[in-house]
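Here are the chains, one letter per residue:
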Amino acid sequence: MWIRDAGGDQPGHGKWINSNLPENASKCAEIRLQDDFAAAANAQWNESQNFDPSETYSTLDDAGKIVRGKLREIFADESIKDPNVEKLRVIDGLYTDWDYRNQLGVEPLRKYLDYIDEIQSIEDVYEYMMDSSRNPFVGMLFKLEMCQTDHISLSILQPEYSLKTSSFYMNLMDDGLQQKDKVTRLTHYLLERLGESEDEVDELLDENFAFELKMAEINPGNENYVDYYTDVTLEDVKKNAGDFQIERILEHFGLDKYQNYTGDMDYLKGIQDILVEDNLEGIKAYFKIYLIIKSVSYLDYDALVEFLNVRLDQSDRYAEANVRSTDLYFFSELENSPLSGLKDQVYLDYYYDEEVAEDIKSMCEDYVKEYHEIIAEKDWLTDEK
């Protein structure tokens, strides 16, 4: 809630203060119940707490700390020789070694940008999209997600846009302008550190936004709507793709064995029209901006701080970037990476047993029972058939 800080001798007159922020507790000269009940009731407790600005606080965050702590115990147990654990240890060691990361700076990005510069044909585009050693964040002209409803299917969706949503390319509102400014600032920051001129970076950004507009125009307005219950076969996917070699890509990643596919088939139909030689520079620009956005939090500390500042809400002049603990960043990046499943599997292997399974099953049964009772009490509903 928001209360007024005391102004002069009259409590409740002065600046508005967000009393939900713990650091504001000491700034409230006098908190009255009629101004903010929660702040008044908790004022003494708030002032007695020592909050670490590098951490986050909520019930969900508390649960997250427990999970991270248990994973840390697994990493630290040298008697565990599990190959999956060893992989996570290596990643953890690389991510949390800030001395090494700061020594490298943003230079590691250069090699991957050079790989994109080597693209000279549409065949090179296909090769790049399928080569995780050159394309570590799997930048493609579409996005793949596993979807689970009453069965499992593979969803073929519109790609990740630098402006977040395709609608911003049709109608650039305030949120879109903010996002464009963030992408522009971040791209200039990293590429100028690598020696690119301001004009060269602007040209790259223009190429990227122009090509993203072409992608967005294929099926505007339907980016976030997918009929997950209408499935098609791989043959249907190939037919919709036309000359675009999607089966080749799916086969390369071992994703051609799904019985069911779903997604934005109208977008898929249009990829063949934009994957042409005339758009080669735009495609390369898109791959570069995608790489920059995905890689910034894996570079040095200065890049991370710049990234956090760029992400701030530019309409809030009081917004400040807090550098959180390395653990928070590491596990957040891990969760959003292809290795998320590996981390989950390790946790299940060492902390999941039949007793836990029974507890979860019992809890779900209680939820179902409760909902049945709630629904049964509604006399305006017809009887269950």
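As the structure is a computational prediction, the values presented were derived from the model and not from experiment.

Peer 1: Just to check I follow, could you spell out the pattern of salt bridges for this structure?
Peer 2: If charged atoms from side chains of opposite charge come close, those side chains can pair. The final tally for this structure, using the stated rule, is 18 salt bridges. Arg-248 serves as the salt-bridge partner of Glu-127, at 2.9 Å between the closest nitrogen and oxygen. Placement of Glu-127 in helix H6 (residues 122-129) and of Arg-248 in helix H11 (residues 246-252) is noted, with a sequence separation of 121 residues between them. Judged by its relative accessible area of 25%, Arg-248 is partly exposed. Between Arg-134 and Asp-131 there is a salt bridge, and its shortest N-O distance comes to 2.8 Å. Take Asp-131: its relative accessible area is 23%, and that puts it in the partly exposed class. Where salt bridges share partners, they join Arg-72, Asp-92 and Asp-327 into one cluster.

Peer 1: Would you mind showing me how to read the nonpolar core here?
Peer 2: Within soluble globular proteins, side chains that are nonpolar tend to cluster in buried spots. Core analysis: the biggest nonpolar cluster contains 79 residues, and Phe-244 and Phe-287 have the highest contact counts within it. Take this core: its biggest share by element is 9 residues, from helix H13 (residues 280-295).

Peer 1: What am I meant to see in the packing of H6 against H13 here?
Peer 2: Direction vectors running N to C along H6 and H13 enclose 15°, while the axes themselves pass 11 Å from each other. Judged on the interaxial angle alone, H13 and H6 are roughly parallel. In the crossing of H6 with H13, the sense of the turn from one axis to the other is left-handed. Packed against H6, whose contacting residues are Ile-122, Val-125, Tyr-128 and Met-129, the element H13 presents Leu-280, Ile-283 and Phe-287 at the interface. For the contact of H6 with H13, the residue count by class is 7 nonpolar, no polar and no charged.

Peer 1: Looking at this model, I keep getting lost on the packing of helix H5 (residues 108-117) against H13. Mind explaining?
Peer 2: Between two packed helices, the angle of one axis relative to the other and the distance separating the axes together describe the packing. As a packed pair, H5 and H13 sit with axes 9 Å apart at the nearest point and diverge in direction by 160°. The pairing of H5 with H13 is recorded here as roughly antiparallel in orientation. H13 is crossed by H5, and the crossing has right-handed handedness. Across the interface between the two elements, Leu-109, Tyr-112, Leu-113, Ile-116 and Asp-117 from H5 touch Lys-284, Phe-287, Lys-288, Leu-291, Ile-292 and Ser-295 from H13.

Peer 1: Sorry, what's going on with the confidence of the model for the protein chain here?
Peer 2: Note: predicted coordinates in regions of low pLDDT should not be interpreted at a detailed level. Considering every residue of the protein chain, the mean pLDDT works out to 84; 79% of them sit at 70 or more. Confidence scores differ between elements of the protein chain, with strand S1 (residues 2-4) showing the lowest mean pLDDT of 46 and H6 the highest of 98. A low-confidence stretch, residues 1-9 stays under pLDDT 50, and its non-local contacts, those more than four residues away or across chains, total 39 contacts.

Peer 1: I tried to follow the sheet that holds strand S4 (residues 152-157) on my own but got confused; where do I start?
Peer 2: Read across the sheet, 3 strands follow the order S3-S4-S5 without closing on themselves; strand pairing throughout is mixed. Sheet topology places strand S3 (143-148) and strand S5 (261-263) at the edges, where each strand pairs with a single neighbour. Sheet twist, expressed as the mean angle between neighbouring strand axes with direction ignored, is 35°.

Peer 1: Just checking my understanding: could you explain the environment of Glu-127 for this structure?
Peer 2: By relative accessible area, Glu-127 is classed as partly exposed at 35%. With sequence-adjacent residues up to four places away left out, Glu-127 is seen in contact with Arg-134 and Arg-248. Polar contacts involving the side chain of Glu-127 include one to the side chain of Arg-248, which spans 2.9 Å.

Peer 1: Would you mind showing me how to read the side chain of Arg-134 here?
Peer 2: Tracing the chain through its elements places Arg-134 in the loop between H6 and S3. A polar contact of 2.8 Å, which involves the side chain of Arg-134, links it to the side chain of Asp-131. Once you skip the residues sitting within four places of it in the chain, Arg-134 turns out to touch Tyr-112, Tyr-115, Glu-118, Glu-127 and Tyr-128.

The rules behind the values
Residues numbered from 1 in each chain as written. Predicted model: local features only at pLDDT ≥ 70, side-chain atom pairs only at ≥ 80, totals over all residues. Heavy atoms only, no water. Salt bridge = Lys/Arg side-chain N within 4 Å of Asp/Glu carboxyl O. Helix = DSSP H or I, 4+ residues; strand = E, 2+ residues; numbered from the N terminus. Buried < 20%, exposed > 50% of the residue type's maximum accessible area, 1.4 Å probe, protein only. Core = buried A, V, L, I, M, F, W, Y, C linked by side-chain atoms within 4.5 Å. Axes fitted to C-alpha atoms, helices over the stretch in contact; angles between N-to-C directions. Parallel < 35°, antiparallel > 145°, perpendicular 65-115°, else oblique. Left-handed = near helix turned anticlockwise from the far one by under 90°. Contact = heavy atoms within 4.5 Å. Nonpolar A, V, L, I, M, F, W, Y, C, P; charged D, E, K, R; others polar. pLDDT = per-residue confidence, 0-100. Pairing = 2+ DSSP bridges. Polar contact = N/O pair within 3.5 Å; in protein donor to acceptor, adjacent residues only side chain to side chain.

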